[in-house]
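One-letter residues, chain by chain:
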2 protein chains.
Amino acid sequence: MATILLIEPSMNINPRLHSFIGSTTGPWEIIESRPIIGAGLPACERLLYLPGHASSPESESGWVLHGATSNERYVTRPEKELLLAKQPALNRPEANCAVLIPIKKNAAWWALTQDERRQIFEEQSHHNQIGMDYLPAIARRLHHCRDLSESEPFDFLTWFEFAEEHSAEFDKLLARLRATEEWKYIEREVEVRVRR
Amino acid sequence: MATILLIEPSMNINPRLHSFIGSTTGPWEIIESRPIIGAGLPACERLLYLPGHASSPESESGWVLHGATSNERYVTRPEKELLLAKQPALNRPEANCAVLIPIKKNAAWWALTQDERRQIFEEQSHHNQIGMDYLPAIARRLHHCRDLSESEPFDFLTWFEFAEEHSAEFDKLLARLRATEEWKYIEREVEVRVRR
């Protein structure tokens, strides 16, 4: 059964908005989709990741998640310069593996002030520093969902791309992030591994 | 001519989303609407401010702006505690005046890192401190538009409410904000004064 996707051209879409669509079509084959914290996502075969706002009729199986790329919330200027110097683009021909990690943080996180969140995110958890250790092997793009017009099930969608030979490094990156103080504020996390 | 408003119940709306609708209906009479930086908004008679996602048919006059309340981006814990202690609620019976200030910041602002934005916002421009000086007389609610699903004409919509006797204080608050370093990054600003 093919899921019917509705790409909505009538909306005046945020140019930074992207859609992740789990269905029976798309260039990425879903190898594994598992809940890490809280509920998982309905099982499906293939993943489509594209700019714009897609929606799926409610009667169909599969899922659609939306997120917008945005300004960084925590990096300092020296951290940003290092990131810009080291981070690769998406869609490298050798990057045949990708992982989508949707996460939702809890109410306690969102009640913190900016300085408290930065303190946990970087000074205690070294979130950027951990990501930096795997550059340029692992490309990464963050999408924000919390301030979209719709009520989304997650706060962030992070998309990682890498060559299969770097899979073990990606596993290490994930394990290190999940062991941080920051991760105690996560109330839902799913891991969707895909290959093309 | 009455503008037809479409409140969209079919969408799964962000519970923090609000709509400002300039048309011929609503409890707030528009006293003055003027461009401060860049283009203004089409003239209309009345303003409606309500939770949810409203849209207006393209053929009608008037305007609709959307924004979501969200976590604070710049305040520190001591600043937040002071704000929480001093800030009044919206809809006080004596608050018969209100002002909507939609602003859009320029690309240079959004290319800054978090620490650089905080430096300009508070250490140089004393944005929170200025607002604090007019509490509890002037109630304020900030709405974010930049990461909504639609492409919005502004980045922020700030809504102020106060009793008429505090109008001169509100004018001082505005003048002080517009004289700050932060305001050099604003490329569009409109001032919509209303009364009920």
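One structure accompanies this document, and this report is about it. (Residues numbered from 1 in each chain as written. Chains lettered and ligands numbered in written order. Predicted model: local features only at pLDDT ≥ 70, side-chain atom pairs only at ≥ 80, totals over all residues. Heavy atoms only, no water.)

Let's talk about the side chain of B:N106
Residues and elements named next belong to chain B. Relative to the helices and strands, N106 resides in the loop between β7 (97–105) and α2 (107–111). Only 3.0 Å separates the side chain of N106 from the backbone nitrogen of W109, close enough to count as a polar contact. Apart from residues no more than four positions distant in its own chain, N106 is found in contact with K184, Y185 and E187. (Helix = DSSP H or I, 4+ residues; strand = E, 2+ residues; numbered from the N terminus. Polar contact = N/O pair within 3.5 Å; in protein donor to acceptor, adjacent residues only side chain to side chain. Contact = heavy atoms within 4.5 Å.)

Focus: helix α3 (residues 114–124) of chain B
Buried within α3(B) are the following residues: B:Q114, B:R117, B:R118, B:I120, B:F121 and B:E122. The arc enclosing the buried residues of α3(B), seen along the axis, measures out at 165°, which places them on a common side. If you follow the buried residues of α3(B), they end up packed against α3 (114–124) of chain A together with α1 (77–86), α2 and α4 (127–132) of chain B. At the C-terminal side of α3(B), B:H126 shows a positive phi close to 55°. (Buried < 20%, exposed > 50% of the residue type's maximum accessible area, 1.4 Å probe, protein only. Arc of directions from axis to C-beta.)

Regarding the interface of chain B and chain A
By a widely used convention, the size of an interface equals the accessible area lost when the partners come together. Each partner contributes residues to the interface: chain B has 31 residues there, and chain A has 31 residues. Here chain B and chain A share an interface that buries about 2,800 Å² over both sides, 38% of which is from carbon and sulfur atoms. When the buried surface of chain B facing chain A is broken down by residue, B:R77, B:D147 and B:S149 rank first, second and third, together holding 23% of it. Applying the counting rule to chain B against chain A returns 6 salt bridges. Across the salt bridge formed by B:R16 and A:D147, the nearest N and O atoms sit 3.0 Å from each other. Put simply, chain B and chain A have 32 residue pairs in polar contact (both at pLDDT 80 or more) between them. Contributing elements (two or more residues each) for the side of chain B that touches chain A: α1, α2 and α3 of chain B. Here the side of chain B that touches chain A takes 4 residues from α3(B), the largest share from any one element. (Buried area = accessible area lost by both parts, 1.4 Å probe. Salt bridge = Lys/Arg side-chain N within 4 Å of Asp/Glu carboxyl O.)

Points about the relation of the copies chain B and chain A
Note: a rotation about an axis with an accompanying shift along it relates these two copies of the chain. Turning chain B through 180° and shifting it by 0.0 Å along the axis lays it on chain A, with an RMSD of 0.0 Å. Seen this way, the second copy is the image of the first under a two-fold rotation axis. Ranked by how close their C-alpha atoms come to the rotation axis, the residues of chain B are headed by B:L148, at 2.1 Å. Mapped onto chain A, 100% of the interface residues of chain B are again interface residues, and the two copies thus contact each other with one and the same surface. (Least-squares fit on C-alpha atoms with pLDDT ≥ 70 in both.)

Here we look at the pattern of salt bridges
Applying the stated criterion across every chain, the model contains 34 salt bridges over all chains. Among the ionic pairs, B:R34 bridges to B:E32, the shortest N-O distance being 3.6 Å. Look at B:R34 and you get partly exposed, because its relative accessible area is 36%. Measuring nitrogen to oxygen at the nearest pair gives 2.7 Å for the salt bridge that ties B:E191 to B:R193. A single burial state applies to B:E191 and to B:R193, both of which are buried. Bridged by salt links that share partners, the residues A:E32, A:R34, A:D171, A:R178, A:E189, A:E191 and A:R193 form one connected network.

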